Amino acid sequence: MARIAFIGLGNMGLPMARNLLKAGHTLSGFDLVQATVAQLASEGARAATSARDAASSVDAVISMLPAGRQVEELYLGEEGLLAALPADCLVLECSTIAPSAARRVHRAAAAHGVAMLDAPVSGGTAGAAAGSLTFMIGGAAQTLERARPLFLAMGHHLFHAGADGAGQLAKLCNNLLLAVQMIGTAEAMALGTRCGLDASVLAEIMRQSSGGNWVLERYNPWPGVHANSPASHGYQPGFMAGLMAKDLGLAQETALQAGSAIPMGSLALNLYRLLLQQGLGGQDFSAVQKLFIDQA
Ligand code: NAD
């Protein structure tokens, strides 16, 4: 069993850390929010007072932070974690960040002799709680083999996407597609119900027909269609709209650098920006449905 520092105990990090505890690993946890550190401590982890404190005497560090800025602050520079970790320590960076930022952390890790993987996830908070996440992994294959037992405590599917940063590239492509599916589903649900169709009947017809997709299967944005979806609980996240806007921005930057056209992704980014301008960035990303519902 490994000694693990878990940094970032938010909507995803806390349930992921819980599954590592359940698998018998020894955990120290750190987050800027004290209450979440205390919560994990009450379940058997050590409450750390800083990231450096969490990472003292561990075999692996796992981070699940909002964006690249926090990840680079955590690992890089003289005060960063990489400078303090022993060479045999493993770093699994699971946040969704720019491939270029992930590569900067990879380069710094290599300079310190630390093995690192970029390993963003898919599966949402439900997958994090169930331990059924999908990991999209960039880095050396032998490092993935070392990390496999830790990933399998948190997820079911591990994909080696390629070299450093490839996990992040795969994740951005996936989230671009997810956003397009979410917006398309929201648009179709609004049209059908406005014309008098029952929301649940329409959702089931489309789910079973050629429009069927992951959103219709598990995450319908129309309130009341899926009892457990964020839409049926006041659009509580889940996956915040602000984070989806961040991911679409990263896809946009990546497409610009690659000279690749992403017209649907650009439209999705702009629709999420409108949602953020309405002050809804802290709601679940399925709240994009609100752009298509008449306000009373
Ligand atoms: P979140 O905002 O709920 O959690 C992030 C946590 O990091 C917060 O608790 C915050 O206090 C903490 N934090 C921020 N800066 C910190 C620092 N310097 N040191 C320690 N802790 C710090 O976000 P989330 O939904 O858990 O998402 C985390 C990452 O996973 C994001 O990159 C997101 O894009 C990605 N992701 C989220 C989902 C989802 O469904 N929520 C799914 C897949 C991927």
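- As annotated in an unreviewed UniProt entry, the protein is 3-hydroxyisobutyrate dehydrogenase from Pseudomonas flexibilis.
- Here is the UniProt Pathway (unreviewed entry) comment for the protein, exactly as written: "Amino-acid degradation; L-valine degradation."

## Regarding the UniProt feature "domain: 3-hydroxyisobutyrate dehydrogenase-like NAD-binding" (unreviewed entry) in the protein
Logical step 1: Using the residue numbers shown here, the UniProt feature "domain: 3-hydroxyisobutyrate dehydrogenase-like NAD-binding" (unreviewed entry) corresponds to residues 165-291.
Logical step 2: Counting secondary structure, residues 165-291 comes out at 61% helix and 0% strand; the distance between its end C-alpha atoms is 34 Å.

## Some remarks on the domain arrangement of the protein
Logical step 1: Considered domain by domain, the protein is made up of domain 1 (3-164) and domain 2 (169-293).
Logical step 2: For domain 1 versus domain 2, the distance between C-alpha centres works out to 27 Å.
Logical step 3: Domain 1 puts 14 residues into the contact, and the matching count from domain 2 is 13 residues.
Logical step 4: For the pair domain 1 and domain 2, the summed buried surface comes to about 1000 Å²; carbon and sulfur atoms form 64% of the total.
Logical step 5: The largest per-residue losses of area from domain 1 upon contact with domain 2 belong to Thr96, Pro99 and Met136, which jointly make up 40% of the total buried on that side.
Logical step 6: Our count for the contact surface shared by domain 1 and domain 2 stands at zero salt bridges.
Logical step 7: At the junction of domain 1 and domain 2, the tally comes to three residue pairs in polar contact (both at pLDDT 80 or more).
Logical step 8: When contributions to the side of domain 1 that touches domain 2 are tallied by element, the ones reaching two or more residues are α5 (99-111) and β7 (121-122).

## Digging into the packing of aromatic side chains
Logical step 1: Inspection of every chain in the model, using the stated rule, returns four aromatic pairs.
Logical step 2: Taken together, Trp214, Tyr219, Phe239 and Phe285 form an aromatic cluster joined through their ring pairs.

## Some points on the nonpolar core
Logical step 1: Within the largest apolar cluster, 35 residues are counted, with the highest numbers of intra-cluster contacts made by Phe6, Met16, Leu27, Leu92, Cys94, Phe135 and Phe151.
Logical step 2: If you list the elements that add at least two residues to this core, you get β1 (3-7), α1 (13-22), α2 (34-42), β4 (60-63), β5 (90-93), β6 (115-118), β8 (133-138) and α7 (141-154).
Logical step 3: Of all the elements, α7 adds the most residues to this core, at six residues.
Logical step 4: Here Phe135 is in contact with Met16, Cys94, Ala119, Pro120, Val121, Phe151, Met154, Gly155, His157, Leu158 and Phe159, once residues within four sequence places are set aside.
Logical step 5: Formed by 29 residues, the second largest nonpolar core is a distinct cluster that contains Ala55, Leu81, Cys89 and Val105.

## Quick look at the pairing of β4
Logical step 1: Both faces of β4 are covered, namely the face carrying Ala60 and Ile62 and the face carrying Val61 and Ser63.
Logical step 2: With four bridges connecting them, β1 and β4 associate as parallel partners. Bridging across to β4, Phe6 finds its partner in Ile62.
Logical step 3: Bridge count for β4 against β5 is four bridges, and the pairing is parallel. Paired with Ile62 across the two strands is Leu92, which belongs to β5.
Logical step 4: Handedness of the β-α-β unit built from β4, helix α4 (residues 68-75) and β5 comes out right-handed.

## Notes on α5
Logical step 1: Taking 1.5 Å as the rise per residue, α5 with 13 residues should run 18 Å; its terminal C-alpha atoms sit 18 Å apart, in good agreement.
Logical step 2: Taken residue by residue, α5 has Pro99, Ala101, Ala102, Val105, His106, Ala108 and Ala109 as its buried positions.
Logical step 3: Summarising the contacts, the buried residues of α5 are in contact with α4, β6, β8, α8 (166-194) and α11 (241-258).

## Quick notes on the UniProt feature "active site" (unreviewed entry) in the protein
Logical step 1: Feature annotation in UniProt assigns "active site" (unreviewed entry) to the following positions: Lys171.
Logical step 2: Considering the arrangement of structural elements, one finds Lys171 in helix α8.
Logical step 3: For Lys171, a relative accessible area of 7% corresponds to the buried category.
Logical step 4: When near neighbours in sequence (up to four residues on either side) are disregarded, Lys171 contacts Thr96, Pro120, Val121, Ser122 and Met136.
Logical step 5: A polar contact is formed between the side chain of Lys171 and the backbone oxygen of Val121, at a distance of 2.7 Å.

## Overview of the state of the cysteines
Logical step 1: Enumeration according to the criterion identifies zero disulfides in this entry.
Logical step 2: A disulfide-free cysteine, Cys94 has its sulfur positioned 13 Å from the sulfur of Cys89, the nearest such atom.

## Quick word on unusual backbone geometry
Phi is mostly negative for residues that are not glycine, and the peptide bonds are mostly trans.
Logical step 1: With an omega of 10°, the peptide bond between Pro237 and Gly238 qualifies as cis.
Logical step 2: Within the secondary structure layout, Gly238 lies in the loop between α10 (214-218) and α11.
Logical step 3: Phi at Ser57 is positive, roughly 60°, even though this residue is not glycine.
Logical step 4: Mapped onto the elements of the fold, Ser57 is located in the loop between α3 (51-54) and β4.
Logical step 5: At Tyr235, a residue that is not glycine, the phi angle is positive and equals roughly 60°.
Logical step 6: The topology assignment puts Tyr235 in the loop between α10 and α11.

Rules and cut-offs
Residues numbered from 1 in each chain as written. Predicted model: local features only at pLDDT ≥ 70, side-chain atom pairs only at ≥ 80, totals over all residues. Heavy atoms only, no water. UniProt positions renumbered as here; feature names shortened; annotations may be inferred. Helix = DSSP H or I, 4+ residues; strand = E, 2+ residues; numbered from the N terminus. Domains from an automatic or database assignment. Contact = heavy atoms within 4.5 Å. Buried area = accessible area lost by both parts, 1.4 Å probe. Salt bridge = Lys/Arg side-chain N within 4 Å of Asp/Glu carboxyl O. Polar contact = N/O pair within 3.5 Å; in protein donor to acceptor, adjacent residues only side chain to side chain. Phe/Tyr/Trp six-rings, centres within 6.5 Å; stacked < 30°, edge-to-face > 60°. Core = buried A, V, L, I, M, F, W, Y, C linked by side-chain atoms within 4.5 Å. Buried < 20%, exposed > 50% of the residue type's maximum accessible area, 1.4 Å probe, protein only. Pairing = 2+ DSSP bridges. Right-handed = clockwise from strand over helix to strand, strands pointing away. Expected span 1.5 Å × (residues − 1). Disulfide = S-S within 2.5 Å.

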